[in-house]
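What follows is the residue order along each chain.
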Amino acid sequence: MNPQTLPEFSPETVIEFRHVHYTLSNRQLLNDVSFSVGRGETLVLLGRSGAGKTTALKMINRLLAPSSGEVLVEGKLTTEWEPIALRRKIGYVIQDIGLFPHYTVSQNISLIPRLERWPADRVQRRVKEMLETVGLHGRTFEHRYPHQLSGGQRQRVGVARALAADPDILLMDEPFGALDPMTRGEMQNEFKAVERHLGKTVVIVTHDVGEALVLGTRIGLMEAGKIVRIYSPHDFVHASDPMAAAYMAQLRVYDEAKRENESN
Amino acid sequence: MSPIEFFLRHHREILQATLEHVWLVGLTMIFAIAIGVPLGILVTRKPWLSKPILGGANIAETIPSLALFGFLLPVPWLGGRADRLAIAALTLYALLPIIRNTSAGISGVDRAVREAARGMGMTDRQILFQVELPLSFSTMLAGIRIATVLTIGIATIAAAVGAGGLGEFIFRGLAMVNDQLILAGAIPAALLALGADFVLGVLERRLRPVR
């Protein structure tokens, strides 16, 4: 990966964190976090469990509000947004997906469009379009229930549901974390293609460095409630920072194992 | 006179008493559901209310039924009419399983489902009516079923305060040491309980969320 292939960003900032602190029962979960995400960018927040990635993500759709500091979405403080209006503009995908077990695939995907009172025929068209987008072809899927799907298919429906109302922003918390490695790889590639096509502003939380490199246009390394640094994927690969280097070393383990076995 | 003969001869009175019984239980369940379900929801929203509400319902459950009817007798509006009094007392008994199962059903909804719903911008009301309640229907119904069967049994004691129902036969039978009279009350009550248990059980299984 080299810097020339990075997509060009418009300079417009969509999400901005300004000195955000978040304290919950005396534990400081976020400590002076500042960063911004431009339109069309994919920012990956990479770090261990407990580094504050998910907390930061939940600040964006105001599932959490900062203890101090400011979070702005499209130039407006999240605390000034009407929370429901803010969340409807933002797609949200979580690791456990949270598909509604009593809704069919079609009903799950069309949830937000229906809440937004789109006309029925437009909702129908949108469901079909979304199923195509996430690679669930054939009409049989629409009427199935989540428990009748495989893990990968469920995650695809989760993505389709998040994209259904055509949000400008997409938040993903370990979106492919529960999938087996093969399916995860497929999903990452497909998602990357979809994202390139749709050009949403995306923030992804992961502890998988491979995923960060595949999906991110920038990588925010987090540790103990702080952003250590924000890298381009190119800089991340060559970073001298010990944490980034440790992540890269982790990838190299696989490479070495592969090489060793090839030479045998 | 054989019990069957007895039933045949008195079928009008027995039917009359059974209808009274169904009426008492039916009204009780309407009130108990109307009060219990909102209280069950409230418990999940305000956890600090859980102790007083469930505790209160628990205490009501432990008062011997005959004593409860007695306690309510001096209450102004209630004590004036036997059926009001009986329905009030029975409602108190029926509350606990309904409150408990409603809150258990809602708390049992998958955390991820609730988080996704909130994160996508559903309002609290939408989450309650479109997600939490539909997913806890079968648990709620299990509570309603327990409460119904319980109420059908306890409602026989309502006859002690003159509220009618199948208990009339039982009390009269006890007073006259007449087994057939006791059975004329007990058998229909048992059949009612079994029937309600069966019907509500079928409904409960139908509504059980698929996994």
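For clarity, every value in this text was computed on a predicted model and none was experimentally measured.

Enquirer: How should the packing of aromatic side chains be read in this particular structure?
Expert: For any pair of aromatic rings, the description consists of the separation of the ring centres together with the inter-plane angle of the planes. Residue and element names in this part refer to chain A. For the coordinates displayed, the defined rule picks out four aromatic pairs over all chains. Between Phe-17 and Phe-35, the ring centres sit 4.4 Å apart and the planes meet at 15 degrees, which makes this aromatic pair stacked. Linking Phe-17 in strand S1 (residues 13-24) with Phe-35 in strand S2 (residues 27-38), this pair joins segments that are 18 residues apart in sequence. A residue is classified by how much of its surface remains accessible, and Phe-17, at 2% relative accessible area, is buried. Overall, the relative accessible area of 6% leaves Phe-35 in the buried class. Plain terms: the ring middles of Phe-100 and Tyr-103 are 5.5 Å apart, the flat faces sit at 65 degrees to each other, and that makes the pair edge-to-face. Of the two residues examined, Phe-100 and Tyr-103, each falls in the buried class. Its guanidinium or amino end placed over the ring of Trp-81, Lys-76 lies 4.6 Å from that ring's centre, counting from NZ or CZ. Arg-144 extends its terminal NZ or CZ atom over the ring of Phe-141, reaching a point 4.6 Å from the ring centre.

Enquirer: Looking at this structure, how should I read the nonpolar core?
Expert: One broad rule of soluble globular proteins: the nonpolar side chains tend to lie buried together. All names here are of chain A. Ranked by size, the top nonpolar core spans 44 residues in total, and within it Leu-46, Ile-109, Leu-170, Met-172, Phe-191, Leu-221 and Phe-236 carry the most contacts. Leaving out residues up to four positions away in the same chain, Leu-46 has contacts with Lys-53, Thr-206, His-207, Asp-208, Val-209, Ala-212, Ile-219, Gly-220, Leu-221, Met-222, Phe-236 and Tyr-247. In this structure, Tyr-22, Val-71, Tyr-92 and Val-205 belong to the second largest nonpolar core, which totals 33 residues.

Enquirer: I keep staring at the interface of chain A and chain B and nothing clicks. Help me out?
Expert: Size of an interface: often given as the accessible area lost when the parts come together. Counting residues at the interface gives 23 residues for chain A, matched by 18 residues for chain B. In total, about 1900 Å² of surface goes out of reach between chain A and chain B, with carbon and sulfur atoms giving 66% of it. If you look at where chain A meets chain B, you find one salt bridge. Linking B:Glu115 and A:Lys58 is a salt bridge whose minimum nitrogen-to-oxygen distance equals 3.9 Å. Scanning the region where chain A abuts chain B turns up four residue pairs in polar contact (both at pLDDT 80 or more). Counting only elements with at least two residues in the side of chain A that touches chain B, the list comes to helix H2 (83-88), strand S6 (90-94) and helix H4 (111-115) of chain A. Of the residues assigned to the side of chain A that touches chain B, the class counts are 14 nonpolar, four polar and five charged.

Reading the values: rules and limits
- Residues numbered from 1 in each chain as written.
- Chains lettered and ligands numbered in written order.
- Predicted model: local features only at pLDDT ≥ 70, side-chain atom pairs only at ≥ 80, totals over all residues.
- Heavy atoms only, no water.
- Phe/Tyr/Trp six-rings, centres within 6.5 Å; stacked < 30°, edge-to-face > 60°.
- Helix = DSSP H or I, 4+ residues; strand = E, 2+ residues; numbered from the N terminus.
- Buried < 20%, exposed > 50% of the residue type's maximum accessible area, 1.4 Å probe, protein only.
- Lys NZ or Arg CZ within 6 Å of the ring centre and 35° of its normal.
- Core = buried A, V, L, I, M, F, W, Y, C linked by side-chain atoms within 4.5 Å.
- Contact = heavy atoms within 4.5 Å.
- Buried area = accessible area lost by both parts, 1.4 Å probe.
- Salt bridge = Lys/Arg side-chain N within 4 Å of Asp/Glu carboxyl O.
- Polar contact = N/O pair within 3.5 Å; in protein donor to acceptor, adjacent residues only side chain to side chain.
- Nonpolar A, V, L, I, M, F, W, Y, C, P; charged D, E, K, R; others polar.

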